[in-house]
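Coordinate inspection notes
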Amino acid sequence: MNALRRFRAILIADLRERSRSTRFWVVLALVGIVTWWCFPPSDAHYITVGFGDNVRGIYSSAWVGMVLALMYSTMLSLIGFYLVRGTLVRDFDTRVWQLLVTTPMTRSGYLLAKWVSHMAVFALIMLVGVVVGGIAQVARAEDRALDFVELVKPVVVISLPALAVTAFFAVLFDLAPWLRRTGGNVLYFFVWIFLLAGTGVMFDPGKSEWARDTWLSDTAGMSLAMRDLHAVVATVAPTLKLSDIAIGVSDVAGIPVLFAWTHWNPDVAEVLGRLIWVALSVLGVFALAPTLDRAAARVHDAQAKAGASPGRRLRWLDPLLRPLESTQIGTLLAAEFKLVLRQRSAWWWLALIGLGIAQIVGNRQAIGIAAIGAWLISVDVFARAILRERETGTGPLVFVAAGAVRRLLIARIGVALLLAIGVVAPALLRISVGDPSTALAILATATGIALSGLAIGVLCRNPRPFELLLVALAYAGVQNGGPLAVVARPADALQLRALVLPVMAVVLIALWPRLARSR
Amino acid sequence: MACELTVELVHYRYPGGHEAVAGIDLRMGPGILGLLGPNGAGKSTLMRILATLAKPTSGRVLWNGADIARSPDALRVELGYLPQDFGVYQALSAREFLAYLAAVKGLPSARAKTRIDDCLGLVGLADAGDRRLGDFSGGMRQRVGIAQALLNDPTLLIVDEPTVGLDPEERLRFRHLLTDLAGQRLVILSTHIVSDVEASATALAVMDKGKLLFDGAPEQLVGQAQGHVWEWMMPESHVADARAKFTISSSLRRPDGVRLRVVAASAPSDEAQACTPDLEDAYLWLLARAVAA
């Protein structure tokens, strides 16, 4: 009974702490807006979930529920990780853990309460989505029969287990000291890709007979949806394959082809198959319990990642930066460089050297990938530099100085820019010899990354949105897509930067003083 | 060098609705103002307003006649501020950190170097200046905080709970430092440790629940407590009962019992004897009257 009371107390305190921030309610409002956008009218030029380019279900309760379920099990399982993670780290950083650790609370009970708290946040998000989805169904009026059970069923059966896995990773990544901050935020993106693509391929019903007949399904539950929808889709688009399911924005050429799908009846075994992911997540959380005390004791390691620990002395930096220290702004720049570089790990320096060599000796494609890699390993600097006073508690010392806001902004922009350019300097020098326009595009992209990191940090007052953005763009970039494919498509990169740079500069200049005042 | 700080009917209400500062009126000139009050009295919020970190919900603060909410830089160039809680950059040495803050404050580089050495010397860190802050103890970091507040040789020095974490020797050194600094400048020392104020303050303000309870010379406050402080010797078994009934400013265990110092409107017992109040007694007497009112 006492264990249950403790569990309840931890859970409620955690939820209160989350729900009493403005950010929490802003996120819920955004979920409502994005959910509405997921159900465009039939004459819109896009669909969000469908088959091929233009096949989607009529907005029945079952289809609306399935759209929500697939969006949540794929997109929310990525973004949701960044939304919910950090509650354990908060307990460690605020030293609340030191108060909890001396109580009779069980470690497994504590971790389970955190996992349930993550799930409660996801449930609230899904509830908002279901309500907005129901309203969208009525408003679009393609099928007016609102069936609450059909609306909720896919969300519960498909999304909830997918998000249970996400909640597990949010707990795991808060425990491992080196995954608590930027490192974990970057790595989770690849975990998500692996889960989505890896288990997706394994359970793809179009790939094997076993996958068609099994009661098991991938983490996102797409195979389950495909198995059921395939027969219906075949009636309107017989040439489409099972794997042609598209989640995310697809441009529609012409009028969308609609099919009617009003009921979804997964069998008991399939539901049990989904529950396996929930069970594995809970078991995983219990398995982590013995590591909790050790993980909490390693706050110092995590602080190193946050920039709050001494790091390395790097004596060679002193003579290098000394010439800068003869002026005020130079002194600031030198101190900022020391702060940034002293806290780099040995791995960062090794990776930078490796990527530098690739930029010097590699072919054009390798140069592009190495440049993206060099920016990616420095993502924490771009995402967190502007938030340093918030993270280190130095705001009250710094912002009582006349002109501090302006001087610090100049120094932060300077350091971010020099770092973004510096890590790709070999590529820049090499390419500028024969291809100045591509070199210009690299320079513009480096500037864009530096300014975007600072601006998005100021805007969101959190490093995670930019970390997620850069890692997603890097993933697209190494496949020659998106704005970071600067060596493959320099002209596109230049055009995009011309649009983005002024916006980011305005956001940064307009919002930085407010952020400084808010401390 | 002009040095006049005027607080005019300042209110500060947090977004949640709690009024931390409720209509403070105060005029301050050169010297050391000790700002006393129990925890939660609103001292730190008032300090933040005076240090331009927060704007009053209503009312205004004037520094030499200029409203600091409208032109904060006029005050900031002459301000040294030691907040109650602050962080440091652990990757930097004390000297590098002070050089960084000197640059942020806009000190010319040549002058900054001299000031950094002077300030490190003033707080007893001359030999530790090149050690990194990550290796410093809590007390040493607090001294770095004091040093940074002195960097620009401020005309207005605001120190919020400055002696927290300092050992007795360092606390004494800090008190002497404050006394030396106060000349033509204004030092505002916010604390709940009465002995810190008693040692150095030339003027005193006492806050409770966001309101100003007293503003004047320490002797005036002590004068108000005259005839309301009593020494009372009693067996140890009676102490708990006395504590429940009266405000006790101190107790001293003796071989023949416990000697209590009681703050009360009249003698708590026929055995109690009137004694000369000190600042701690006077402060408690003021708070007791405020509660009674």
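As a reminder, the structure under discussion sits directly above these lines.
I will try to describe carefully the structure that is included in this document. (Residues numbered from 1 in each chain as written. Chains lettered and ligands numbered in written order. Predicted model: local features only at pLDDT ≥ 70, side-chain atom pairs only at ≥ 80, totals over all residues.)

1. Concerning the overall build of chain A
The line we're drawing: Starting at the N terminus, helices and strands are each numbered in turn, a helix being any DSSP run of H or I of at least four residues and a strand any DSSP run of E of at least two. Comment: burial labels come from other C-beta atoms within 10 Å of the residue's own C-beta, placed from the backbone, where a count of 20 or more is buried, 12 or fewer is exposed, and between is partly exposed. Two residues qualify as a contact pair if the distance between their C-beta atoms, derived from the backbone, is within 7 Å.
Each helix and strand counted, chain A has 25 helices and four strands in total. Principal axes of the C-alpha set define a box for chain A whose edges measure 75 × 65 × 40 Å. Out of the 519 residues in chain A, the part that is buried amounts to 48%. The contacts in chain A between residues at least 6 apart in sequence include a share of 79% that link residues at least 24 apart.

2. Re the overall build of chain B
For clarity, the cut-off: For the radius of gyration, the atom set is restricted to C-alpha positions; the globular benchmark scales as 2.2 Å times the number of residues to the power 0.38.
From N to C terminus, chain B includes 10 helices and 14 strands. Its C-alpha atoms give chain B a radius of gyration of 21 Å, within 12% of the compact-globule value 19 Å for 293 residues. Among the 293 residues that make up chain B, the fraction classed as buried is 47%. Considering only residue pairs separated by 6 or more positions, chain B has 68% of its internal contacts joining residues 24 or more positions apart.

3. Digging into the sheet that holds strand β12 (residues 247-254) of chain B
Residue and element names in this part refer to chain B. How we decide: Pairing between strands requires that DSSP locate at least two bridges from one strand to the other.
Ordered in space as β12-β13-β11-β14, the four strands form an open sheet in which the pairing is antiparallel. If you trace the sheet from one side to the other, it starts and ends with β12 and β14 (273-274), each paired once. Bridge count for β12 against strand β13 (residues 257-263) is seven bridges, and the pairing is antiparallel. For S251, the partnering residue across the bridge sits in β13 and is L260.

4. Structural notes on the environment of F174 of chain B
Its location among the elements puts F174 of chain B in helix α6 (residues 168-181). If near-sequence neighbours (up to four positions away) are discounted, F174 of chain B is found in contact with I146, P162, T163 and L166 of chain B.

5. Overview of the sheet that holds strand β6 (residues 79-82) of chain B
Residue and element names in this part refer to chain B. Our working rule: Here an angle of 0 to 180 degrees is reported between the N-to-C directions of two axes, which are lines fitted to C-alpha atoms, with helices fitted over the stretch in contact.
Strand order in the open sheet formed by six strands is β6-β7-β8-β3-β9-β10, with mixed pairing between adjacent strands. Looking at the sheet topology across the chains shown, the edges are occupied by β6 and β10 (211-216). Between one strand axis and the next, the sheet turns through 15° on average, direction left out of account. Inspection of the sheet shows strand β7 (residues 156-160) paired to strand β8 (residues 186-191) by five bridges, in the parallel sense.

6. Let's talk about the nonpolar core
Operational definition: The term nonpolar core refers to a set of buried Ala, Val, Leu, Ile, Met, Phe, Trp, Tyr and Cys residues connected through C-beta atoms within 7 Å.
Grouped together as the largest cluster of nonpolar side chains are 242 residues, with contacts concentrated most on V171 and A371 of chain A. Among the elements that take part in this core, helix α7 (residues 148-175) of chain A stands out by supplying 17 residues, more than any other.

7. Some points on the packing of helix α1 (residues 2-19) of chain A against helix α6 (residues 107-140) of chain A
All names here are of chain A. For clarity, the threshold we go by: Note on terminology: angles under 35 degrees are roughly parallel, angles over 145 are roughly antiparallel, angles of 65 to 115 are roughly perpendicular, and the others are oblique. Left-handed describes a crossing whose near helix is turned anticlockwise from the far helix by less than a right angle; the clockwise case is right-handed. Residue polarity follows a fixed list, in which Ala, Val, Leu, Ile, Met, Phe, Trp, Tyr, Cys and Pro are nonpolar, Asp, Glu, Lys and Arg are charged, and the others, Gly among them, are polar.
At a closest axis distance of 9 Å, the pairing of α1 and α6 adopts a crossing angle of 45°. Considering the angle they form, α1 stands oblique to α6. Along this stretch, α1 crosses α6, giving a crossing that reads as right-handed. Each of A3, R6, F7, I10, L11, D14, L15 and R18 in α1 lies in contact with α6, whose residues at this interface are G109, Y110, L112, A113, K114, V116, S117, A120 and V121. Partitioned by chemical class, the residues of the contact of α1 with α6 number 11 nonpolar, two polar and four charged.

8. Examining the interface of chain A and chain B
In this assembly, 29 residues from chain A lie in contact with 30 residues from chain B. For the side of chain A that touches chain B, the secondary-structure elements that each account for two or more residues are α15 (328-342), α20 (395-398) and α21 (404-422) of chain A. When residues in the side of chain A that touches chain B are grouped by element, the largest group, seven residues, is from α15 of chain A. Across the side of chain A that touches chain B, the residue classes tally to 14 nonpolar, 11 polar and four charged.

9. Points about helix α24 (residues 464-477) of chain A
Threshold: One less than the residue count of a helix, multiplied by 1.5 Å, gives the span that helix is expected to have.
If you check α24 of chain A, its first and last C-alpha atoms are 19 Å apart, about what 14 residues at 1.5 Å a residue would give, namely 20 Å. For α24 of chain A, the full list of buried residues reads R464, F466, E467, L468, L470, V471, L473, A474 and G477 of chain A.

10. Quick notes on the pairing of β6 of chain B
Residue and element names in this part refer to chain B. Neither face of β6 is exposed, since L79 and Y81 on one face and G80 and L82 on the opposite face are all buried. In this structure, β6 lies alongside β7, joined through four bridges in parallel fashion. Bridge pairing in β7 places L82 opposite V159.

11. Side note on α21 of chain A
Compared with the 27 Å implied by 1.5 Å per residue over 19 residues, the 26 Å span of α21 of chain A between its first and last C-alpha is a close match. Of all the positions in α21 of chain A, only A404, R407, L408, A411, R412, I413, V415, A416, L419 and A420 of chain A are classed as buried. Elements that come into contact with the buried residues of α21 of chain A comprise α15, α17 (364-377), α18 (379-384), α20 and α23 (436-460) of chain A together with α3 (94-105) of chain B.

12. Some remarks on the pairing of β13 of chain B
All names here are of chain B. Note: strand β11 (residues 229-234) against β13, six bridges, orientation antiparallel. By the bridge assignment, M234 is partnered in β13 with V258. Connecting β12 to the antiparallel partner β13 that follows it, the hairpin turn spans two residues.

13. Things to note about the packing of α3 of chain B against helix α4 (residues 109-122) of chain B
Residues and elements named next belong to chain B. One way to put it is that α3 packs onto α4 with a least axis distance of 10 Å and a crossing angle of 130°. Between α3 and α4, the interaxial angle falls into the category oblique. You can see that α3 and α4 cross each other, and the crossing is right-handed. Contacts between α3 and α4 involve A94, R95, L98, A99 and A102 from the former and A112, R115, I116, C119 and L120 from the latter. Of the residues that constitute the contact of α3 with α4, the class distribution is eight nonpolar, no polar and two charged.

14. Section: the environment of S195 of chain B
Residue and element names in this part refer to chain B. Tracing the sequence through the fold places S195 in helix α7 (residues 194-200). Looking at S195, the number of C-beta atoms within 10 Å reads 14, which means it is partly exposed. Spatially, the C-alpha atom of S195 lies 9.9 Å from that of D278, the residues being 83 residues apart in sequence.

15. Focus on unusual backbone geometry
Residue and element names in this part refer to chain B. Of note, T52 is a non-glycine position whose phi angle comes to about 70°, a positive value. Note that T52 resides in the loop between α1 (43-50) and β4 (58-63). Of note, the phi angle at E161 is positive, near 45°, even though the residue is not glycine. Positionally, E161 belongs in the loop between β7 and α6.

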